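Here is how the chains run, residue by residue.
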Amino acid sequence: MSTDAQDTDGDAEDDLRERVTNFLRRNFPQIQMHGGSAAIQNIDTETGEVSIQLGGACSGCGISPMTIQAIKSRMVKEIPEITKVHADTGMEGMGGEGGHGGMEPSFPGETSDDGETSDEGPQAPF
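Residues numbered from 1 in each chain as written. Predicted model: local features only at pLDDT ≥ 70, side-chain atom pairs only at ≥ 80, totals over all residues. Heavy atoms only, no water.

Going by the annotation in an unreviewed UniProt entry, the name recorded for the protein chain is Fe-S cluster biogenesis protein NfuA, with Haloplanus aerogenes given as the source organism.

K.L.:
What is the right way to look at the overall build of the protein chain in this model?
P.N.:
Per the secondary structure count, the protein chain includes three helices and three strands. Ordered by position in the sequence, the α and β elements of the protein chain form the string α-α-β-β-α-β. Every one of the 126 residues in the protein chain was classed for burial, and the buried ones make up 24%. Taking the intrachain contacts of the protein chain between residues at least 6 apart in sequence as the baseline, contacts between residues at least 24 apart amount to 47%. When the accessible area of the protein chain is evaluated, it comes to approximately 8,300 Å², of which 49% is carbon and sulfur surface. (Helix = DSSP H or I, 4+ residues; strand = E, 2+ residues; numbered from the N terminus. Buried < 20%, exposed > 50% of the residue type's maximum accessible area, 1.4 Å probe, protein only. Contact = heavy atoms within 4.5 Å. Areas by Shrake-Rupley, 256 points an atom, 1.4 Å probe, with all protein chains shown as cover.)

K.L.:
Would you mind showing me how to read the pairing of strand S3 (residues 84-88) here?
P.N.:
The two faces of the sheet receive side chains in turn, since in a regular strand these alternate between them. Side chains of S3 alternate between two faces, with Val85 and Ala87 buried and Lys84, His86 and Asp88 left unburied. Relative to S3, strand S2 (residues 49-56) runs parallel, the two being bridged by five bridges. Bridge pairing in S3 places Gln53 opposite Asp88. At this point the chain moves from S2, through helix H3 (residues 64-78), to the parallel S3, and the crossover so formed is right-handed. (Pairing = 2+ DSSP bridges. Right-handed = clockwise from strand over helix to strand, strands pointing away.)

K.L.:
Looking at this structure, I do not really get the pairing of strand S1 (residues 36-44). What am I missing?
P.N.:
Direction of pairing for S1 relative to S2: antiparallel, over a ladder of eight bridges. Within the sheet, the bridge partner assigned to Ile40 lies in S2 and is Ile52. Joining the antiparallel neighbours S1 and S2 is a turn of four residues, in which Gly48 adopts a positive phi near 80°.

K.L.:
Sorry if this is basic, but what is going on with the nonpolar core here?
P.N.:
If you look at soluble globular proteins, the nonpolar side chains tend to sit buried side by side. In terms of nonpolar packing, the biggest core is built from 19 residues, with Val20, Val50, Ile52 and Met75 touching the most fellow members. Of all elements in the fold, only helix H1 (3-27), S1, S2, H3 and S3 reach the threshold of two or more residues within this core. Per-element tally for this core: the top contributor is H1, with four residues. Those residues in contact with Val50 that lie beyond four places of it in its chain are Val20, Ile40, Asn42, Ile43, Met75, Ile82, Lys84, Val85 and His86. (Core = buried A, V, L, I, M, F, W, Y, C linked by side-chain atoms within 4.5 Å.)

Structure below.
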């Protein structure tokens, strides 16, 4: 690939990266307002795929899965070059899609759905 072709590819990626960033700021100001962050991890201009990582207060937030769904559906509609959006909070390995499910609190002596009793420590004396 020639240097000119590489520069053109770099310019296209920079332009798309800026448009994705502006899309997130414009459409999802609540992410930053609530102490979260959205970072572009990867943009593939050939396939049209973009990866977004939500962090900060988004990790473990109960509405993160809804925010992720909204980003995925709206970005492909608003930015024609984007064909697929991968977005997560980095907590998928902790119990479920979108970072929810396995992070529910449990309390000593509490019985779970499978009938097992949790033994996470002593009960409070009250």
